[in-house]
Amino acid sequence: MTSRLDRIAQQRRQKLDRIRGRGIDPYPYGYHRSHTTQQAVEKLKKWESKDATEKAADRLAGKLQVNVAGRIMAIRRMGKSAFFDLRDGSGRIQLLFQDINQFDEKDLELFKDLDIGDIIGVSGPLLWTKSGEPTVWVAEFTLLAKSLQPLPEKWHGLSDVDKRYRQRYLDLIANAEAKEIFRVRSQVIAAIREFLNQRGFLEVETPVLQPLAGGALARPFTTHHHALDQDFYLRIALELHLKRLIIGGFDKVYELGRIFRNEGISTKHNPEFTMLESYEAYVDYQDVMKMLERMVSLIARKIMGRYEIEFGDNNLNFKPPWQRLELRQAIIKYSGIDFEQYPDADSLRAEMLKLKMEVDPQKDRGRLIDELISTFVEPNMIQPTFLLDYPVEMSPLAKTKPGNQRMVERFEAFAGGMEIANAFTELNDPIEQRERFLQQQKERKPEDETTETIDQDFLLALEYGMPPTGGLGVGIDRLVMLLTGQQSIRQVILFPQLREKP
RNA sequence: GGGCCGCUAGCUCAAUUGGAAGAGCAGCUGACUCUUAAUCAGCAGGUUACAGGUUCGAGUCCUGUGCGGCUCACCA
């Protein structure tokens, strides 16, 4: 703490003491609002459209009276009068304190002690100022919360990225764009629920704490339950529990939930992030593809008002149908390598080395192909695109293509150079699933902490019979990034993970 | 984890080759009854992230640490 901040805080505390000394509670219990600031402005506009006689009658009848409340964002004192900007969750409105001598001694003193940042409630009639600003002419005012800290600068806002994340409330107060991003995020999630609910999907909740972290391959967070004296993992995917529910007879289920991966942090990765997974019985990945492009495009149009969204230097067009491209063809197109010609890891690695790629000799064929995707293909996936049909090594939970044991019915959706969704026709043959898990375990490196051990309970569930099912996973944070044009995942997560400051 | 960049007043930013740490906003005092980045006059406000080093002299150069950003690696 520097002396200057101390001094400002000290001044505010002195004001607080003065206010208390006059018998005023600076933190009272509530306030009756008749209107939000936005509603008040609308009310005034509506009144403006009436004819002169009606207007005068309304004014006389006190029909322009409102009670509004919010945070003081600006103070323009001008001798006996003053203009304040008042902001609430809906917007802002101007306040006019005309001739402050109308107030009694107590209110006058309180008025003098009001600061930018304080929360107040006011009542009085609405009016237009000469310059056409909708304004509340303040007849009465009440302090609702005294602010003891100075707000960020009014014009430039808060730009210190570190501070914006650590003190997100200041970001939300100071930067309107930040607030808008999270409003959009909330609407996106609501729209997803509405879309899926309308289609007969059932929203469910499954455990975050799991004895095995299955359904994906990622390093999990670990924790410990004391009463059970048992270690648990935080889930890294929703998949295996949702499939159990398909087996249980819910034909359409989804979960919107937080998942946790103990891996690197980047502009596209946060250790905890929000995933949508949905499972629908009796459909395949082609049906899921149609549903996804329909869902995302509807959301874009509903919330952003259009199919085309500016993202970085590009204009993304989410109008269906999205481009469909076989994974194999995409890799050939962007890297020149046809993985079908290299049936094992060694030959593929040799070919990749020719492209001067730095290739980890530990990587198996699936991971090598994955590297080809992320190096050559993903950066080119700007317009919404489905990549279809993946090698079986990369997809232990997906069903192989009919007549081709090496490939599975899987797609990933990309846009803006990011993967936003992953889906497949789910493998429902319990014998094959067990073999795939065993194969996966065999290829696992001894030092590799990321590989799950086999989820026997899930295999048992599969043995009771799971209908043919199409499954989908969507990265909600990335979807919000795309829709709001944000280049960093931290801009769309209210409280992103940061290192603790000393 | 590696590389590069950044950290100056509460906030937004300056500071020439290494030569007296500044401005705007916010704050305080005063003037002002239609302002809206109000205006005008004045005042106050700094461990230049932290710890060392080089130097007559360091915000500036060097080393280390912390935190952040970008990027690479990692990442179904």
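Attention in this report is confined to the structure presented alongside it. (Residues numbered from 1 in each chain as written. Chains lettered and ligands numbered in written order. Predicted model: local features only at pLDDT ≥ 70, side-chain atom pairs only at ≥ 80, totals over all residues. Heavy atoms only, no water.)

**A few points about the pattern of salt bridges**
Part 1: A complete count under the given rule lists 39 salt bridges for this structure.
Part 2: We note a salt bridge from Asp389 to Lys401, for which the minimum N-O separation is 3.1 Å. Taken together, the positions of Asp389 in strand β16 (residues 385-391) and Lys401 in strand β17 (residues 400-401) put the pair twelve residues apart, joining distant regions of the chain.
Part 3: The class of Asp389 is buried, set by a relative accessible area of 9%.
Part 4: In the salt-bridge network here, residues are joined through shared partners; they are Arg12, Lys15, Asp115, Asp118 and Lys146. (Salt bridge = Lys/Arg side-chain N within 4 Å of Asp/Glu carboxyl O. Helix = DSSP H or I, 4+ residues; strand = E, 2+ residues; numbered from the N terminus. Buried < 20%, exposed > 50% of the residue type's maximum accessible area, 1.4 Å probe, protein only.)

**Let's talk about the side chain of Thr36**
Part 1: Note that Thr36 resides in the loop between α1 (3-21) and α2 (37-48).
Part 2: The exposure class of Thr36 is buried, given its relative accessible area of 18%.
Part 3: A polar side-chain atom of Thr36 sits 3.4 Å from a polar atom in the side chain of Ser90.
Part 4: Every residue in contact with Thr36, bar those within four places of it in the chain, is listed here: Val68, Asp88 and Ser90. (Polar contact = N/O pair within 3.5 Å; in protein donor to acceptor, adjacent residues only side chain to side chain. Contact = heavy atoms within 4.5 Å.)

**Focus on the packing of helix α7 (residues 176-198) against helix α15 (residues 476-484)**
Part 1: Two numbers describe how α7 lies on α15: the axes approach to 10 Å, and their chain directions differ by 120°. Taken together, the axes of α7 and α15 lie oblique to each other. Between α7 and α15 the crossing geometry is right-handed. Across the interface between the two elements, Ile181, Val184, Arg185, Val188, Ile189 and Ile192 of α7 pack against Ile476, Asp477, Leu479, Val480, Leu483 and Thr484 of α15. (Axes fitted to C-alpha atoms, helices over the stretch in contact; angles between N-to-C directions. Parallel < 35°, antiparallel > 145°, perpendicular 65-115°, else oblique. Left-handed = near helix turned anticlockwise from the far one by under 90°.)

**Structural notes on the pairing of strand β13 (residues 308-311)**
Part 1: Covered by surrounding structure in β13 are Ile309 and Phe311 only, the residues Glu308 and Glu310 on the alternate face being uncovered.
Part 2: Judged from the four bridges that link them, β13 and strand β14 (residues 314-317) form a sheet pairing that is antiparallel. The partner of Ile309 across the bridge, within β14, is Leu316. (Pairing = 2+ DSSP bridges.)

**Describing the sheet that holds strand β9 (residues 222-225)**
Part 1: Strand order in this open sheet of three strands is β8-β10-β9, and the pairing throughout is antiparallel. The two strands at the open ends of the sheet, each matched to only one other strand, are β8 (209-210) and β9.
Part 2: Bridge count between β9 and strand β10 (residues 230-234): four bridges; the pairing is antiparallel. Residue pairing across strands places Thr222 opposite Tyr233, the latter belonging to β10.

**As for the pairing of strand β2 (residues 81-88)**
Part 1: Burial runs high along β2: seven of the eight residues are buried.
Part 2: In the sheet, strand β1 (residues 65-78) pairs with β2 via seven bridges, with the strands oriented antiparallel. Residue pairing for β2: Ile75 is matched across the bridge by Phe84.
Part 3: What sits between β1 and β2 in their antiparallel hairpin is a turn of two residues, with Gly79 showing a positive phi close to 65°.
Part 4: As paired strands, β2 and strand β3 (residues 91-97) are joined by seven bridges and run antiparallel to one another. Considered in β3, the bridge of Phe83 is made with Leu96.
Part 5: The antiparallel pairing of β2 with β3 creates a hairpin that spans two residues between the two strands.

**Notes on helix α13 (residues 430-443)**
Part 1: Look at α13: 20 Å from first C-alpha to last across 14 residues, which is about the 20 Å you get at 1.5 Å a residue.
Part 2: Buried residues of α13: Pro430, Glu432, Gln433, Arg436, Phe437 and Gln440, and no others. Taken around the axis of α13, the buried residues stretch over an arc of 160°, which confines them to a single face. Exposed side of α13, more than 90 degrees from the buried face: Ile431 and Lys442 are the residues found there.
Part 3: Sitting at the head of α13, Asp429 places a side-chain oxygen 2.9 Å from the backbone nitrogen of Ile431. (Expected span 1.5 Å × (residues − 1). Arc of directions from axis to C-beta.)

**Description of the side chain of Asp85**
Part 1: Note that Asp85 resides in strand β2.
Part 2: Under the relative-accessibility criterion, Asp85 is labelled buried at 12%.
Part 3: Within the structure, the side chain of Asp85 is placed 3.1 Å from the side chain of Arg76, a separation counted as a polar contact.
Part 4: In this structure Asp85 touches Arg71, Ile72, Met73, Ala74, Arg76, Arg92, Ile93 and Gln94, once residues within four positions along its chain are discounted.

**A short note on helix α4 (residues 105-112)**
Every α-helix winds through 3.6 residues per turn, so residues three or four apart in the chain are directed the same way.
Part 1: Within the sequence span of α4, burial applies to Leu108, Leu110 and Phe111. Buried residues of α4, seen end-on, are gathered within an arc of 160° and therefore sit on one face of the element.

**Points about the nonpolar core**
Part 1: By size, the foremost hydrophobic cluster in this structure holds 49 residues, and its most contacted members are Val188, Ile192, Leu196, Leu276, Leu292, Phe411 and Leu472.
Part 2: Among the elements that make up this core, the one with the highest residue count is helix α9 (residues 285-304) (eleven residues).
Part 3: Excluding residues that lie within four positions of it along the chain, Leu276 makes contacts with Ile192, Leu196, Tyr254, Glu255, Leu256, Met295, Leu472, Gly473, Val474 and Ile476.
Part 4: Among the nonpolar cores identified, the runner-up in size contains 47 residues, and Leu368, Tyr390, Phe424 and Leu459 belong to it. (Core = buried A, V, L, I, M, F, W, Y, C linked by side-chain atoms within 4.5 Å.)

**Topic: the environment of Gln491**
Part 1: Secondary-structure assignment places Gln491 in the segment after α15.
Part 2: You can call Gln491 buried: its relative accessible area is 15%.
Part 3: When neighbours within four sequence positions are excluded, Gln491 is seen to be in contact with Arg164, Tyr165, Arg168, Ile181, Phe182 and Gln486.

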